[in-house]
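Working through the structure, step by step
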Amino acid sequence: MTRCLVTGAAGFIGSHLCEALLRAGRSTVGVDCYTDYYDPARKRTNVETAVGMGLHLVDADLTADRLDALVAGVDVVYHLAGQPGVRPSWGAAFELYASRNLLATQRLLEACAAASVGRFVFASSSSVYGHAAECRVGEDAPRRPVSPYGLTKAACEDLIDVYRRVNGLSAVSLRYFTVYGPRQRPEMAFASFIERIAAGRPITVYGDGGQTRDFTYVSDVVAATIAAAERGGRYCYNVSGGANASLLEAIAAIEHATGCCAVVEFAPVARGDARHTRADLTAAGRDLRYQPSVPLDLGVARQVAAAPDDRAALRRVA
C-alpha cells in the first residue's frame, strides 16, 4: 500500500486531498501546525471528515520540529503547507513567508532526500508568473512575480530543482490557478463574497473587476495533484480550471447561485494583484491526463450550497 504524507493537511486544499487519498485506499498521514493566519478552529473542522476516514493527523511545525520520523517509510510527500496570501506578504510580514514557505520547504526536502522518499509533489502558484499576457501562459514562460508571496513560491520551485538535480529526488511543482470550493479560506474572494452577498452586505472589488482568472474548482486540483505523483516527467505543470472569467463574471455566478444581488464597492488596485492569469494546460493534459471537469457556474453553486454546512461545523468546534 502506498504511504502518503500531506503537509498542510487541515487547510482548504489539503483536507480535500487527504479525503481523496483515503478513498483511494492510500495510507495517509497529515501534518499541520494550525497557524493563526485564520481561525485554527476552522482548520480543525476542515479535517474532521478525513480523521473519521482514518487519517493519522500530526501536529508539527515544519520550520522547527524534527522531520525524519515524519517522512520515514513514506512513498509520496504532498507538500501543501505554507504561508498563503498575496496582499499580506509585503512589509514586516515577509519574515513569515520566508520561514513558512522557503525554510519549511528546505527542511522537508532535506528530510525527504535523507529518507529516499519516492516522490515529492509541491503546491506552487500561478503567482510565480506575475502579470500574464492575455494569451495562455505555458510552464516555460518567464517567471516575474509581482508579490513577495509569489517570489517565495518561485524560490521554492528553484530549491526543489536543486534537490532534484543534486540529490536525485523525484519531484514536481504544480502551479495552481485561483482555487475555490468548499472550505476555502475565509479571506479569499469567493468565500468572502458568498457570505457577504447572502447577508446583503457590500463586497469590495479592488480595481474595475475586469481582471481575469482561470478559476479552478478544488476537486480538479486534487485530481491533478494525485496524478502528478503517479505520472509526468516535467519539473512543473500548470493546474487550472481551463476556462477564463473576469471577477465581475464570477460575482454574477455567485449572485445566480445565492439568488441575491451584490452590492459592489470599488477600491484601488491592490499591490501585488496580477491583472490577468491564464494557463496553457497542454503539458498537464498530455502527461497527467488532466482535464478540468467542473465549470465555474457549477463550482460556485457547490461552494454556495456547502457554505451553511461549513459554518455549522465551525460552530460545533467553537
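In what follows, the accompanying structure is described.

What counts and how
Residues numbered from 1 in each chain as written. Predicted model: local features only at pLDDT ≥ 70, side-chain atom pairs only at ≥ 80, totals over all residues. Heavy atoms only, no water. Helix = DSSP H or I, 4+ residues; strand = E, 2+ residues; numbered from the N terminus. Contact = heavy atoms within 4.5 Å. Areas by Shrake-Rupley, 256 points an atom, 1.4 Å probe, with all protein chains shown as cover. Lys, Arg positive; Asp, Glu negative; His and termini not counted. Charge placed at Lys NZ, Arg CZ, Asp CG, Glu CD. Buried < 20%, exposed > 50% of the residue type's maximum accessible area, 1.4 Å probe, protein only. Axes fitted to C-alpha atoms, helices over the stretch in contact; angles between N-to-C directions. Parallel < 35°, antiparallel > 145°, perpendicular 65-115°, else oblique. Left-handed = near helix turned anticlockwise from the far one by under 90°. Nonpolar A, V, L, I, M, F, W, Y, C, P; charged D, E, K, R; others polar. Pairing = 2+ DSSP bridges. Polar contact = N/O pair within 3.5 Å; in protein donor to acceptor, adjacent residues only side chain to side chain. Expected span 1.5 Å × (residues − 1).

1. Re the overall build of the protein chain
Within the protein chain, the secondary structure is distributed over 11 helices and 13 strands. Each principal axis of the C-alpha atoms in the protein chain carries an extent, and together these give about 55 × 45 × 40 Å. Of all intrachain contacts in the protein chain linking residues separated by at least 6 positions in sequence, the fraction that spans at least 24 positions is 83%. Only carbon and sulfur atoms are counted for the fraction: they give 52% of the accessible area of the protein chain, which is about 13400 Å². Charged side chains of the protein chain number 34 positive and 33 negative; the gap between the two group centres comes to 1 Å.

2. Considerations on the environment of Asp68
With respect to the helices and strands, the residue Asp68 is situated in helix H4 (residues 68–71). According to the relative accessible area criterion, Asp68 is partly exposed, its value standing at 42%. Note: C-alpha distance between Asp68 and Gly85 (17 residues apart in sequence) is 29 Å.

3. A look at the packing of helix H1 (residues 12–23) against helix H8 (residues 218–230)
Where H1 meets H8, the axes come as close as 9 Å, and the angle between the chain directions of the two elements is 60°. What the angle tells us is that H1 and H8 run oblique. The handedness of the crossing between H1 and H8 is right-handed. Only Val218, Val221, Val222, Thr225 and Ile226 of H8 make contact with H1, whose side of the interface consists of Phe12, Ile13, His16, Leu17, Ala20 and Leu21. Across the contact of H1 with H8, the residue classes tally to nine nonpolar, two polar and no charged.

4. Here's the deal with the sheet that holds strand S5 (residues 119–125)
Sheet architecture is open: seven strands sit in the order S3-S2-S1-S4-S5-S6-S11, paired in parallel fashion. Taken across any chain shown, the strands that pair with only one partner, and hence form the sheet edges, are strand S3 (56–59) and strand S11 (236–239). Taken pair by pair, the neighbouring strands of this sheet meet at an average axis angle of 20°, ignoring direction. Relative to strand S4 (residues 76–79), strand S1 (residues 3–7) runs parallel, the two being bridged by four bridges. Counted as the bridge partner of Val6 is Tyr78 from S4. Against the sheet, H1 touches S1, strand S2 (27–32), S4 and strand S6 (171–176), its axis set at about 170° to S1. On top of the sheet, H8 reaches S4, S5, S6 and S11; it is set at about 165° to S6, its chief contact.

5. Focus on unusual backbone geometry
At Arg183, a residue that is not glycine, the phi angle is positive and equals roughly 75°. With respect to the helices, strands and loops of the structure, Arg183 is situated in the loop between strand S7 (179–180) and helix H7 (189–198). For Arg183, a relative accessible area of 16% translates into the label buried. A positive phi angle, close to 55°, is found at Arg289, a residue other than glycine. Summarising the element assignment, Arg289 is placed in the loop between helix H10 (282–287) and helix H11 (296–317). On the accessibility criterion, Arg289 (62% relative accessible area) is exposed.

6. Considering the packing of H7 against helix H9 (residues 247–258)
In the contact formed by H7 and H9, the axes pass within 10 Å of each other and the chain directions differ by 45°. Classed by the angle they form, the pair H7 and H9 counts as oblique. Read as a crossing pair, H7 and H9 show a hand that is right-handed. In this structure, H7 uses Phe190, Phe193, Ile194 and Ile197 to contact H9, whose residues at the interface are Leu247, Ala250, Ile251, Ile254 and Thr258. In terms of residue class, the contact of H7 with H9 is made up of eight nonpolar, one polar and no charged.

7. Quick look at the environment of Ala191
Within the secondary structure, Ala191 sits in helix H7. Separated by 162 residues in sequence, Ala191 and Val29 place their C-alpha atoms 28 Å apart. Apart from the residues lying within four places of it in its own chain, the contact partners of Ala191 are Gln184, Arg185, Pro186 and Gln303.

8. Considerations on the side chain of Ser124
The topology assignment puts Ser124 in strand S5. A polar side-chain atom of Ser124 sits 2.7 Å from a polar atom in the side chain of Glu157. Ignoring anything within four residues of it in the chain, the contact list for Ser124 reads Lys153, Glu157, Ser173, Leu174, Arg175 and Tyr176.

9. Notes on helix H6 (residues 148–167)
Between the first and last C-alpha of H6 there are 28 Å, a value that for 20 residues agrees with the 28 Å anticipated at 1.5 Å per step. All of the buried residues along H6 are Pro148, Tyr149, Gly150, Thr152, Lys153, Ala154, Cys156, Glu157, Ile160, Tyr163 and Arg164. Buried positions along H6 lie against helix H5 (94–115), S5 and S6. Within two residues after H6, Gly168 carries a phi angle of roughly 75°, on the positive side.

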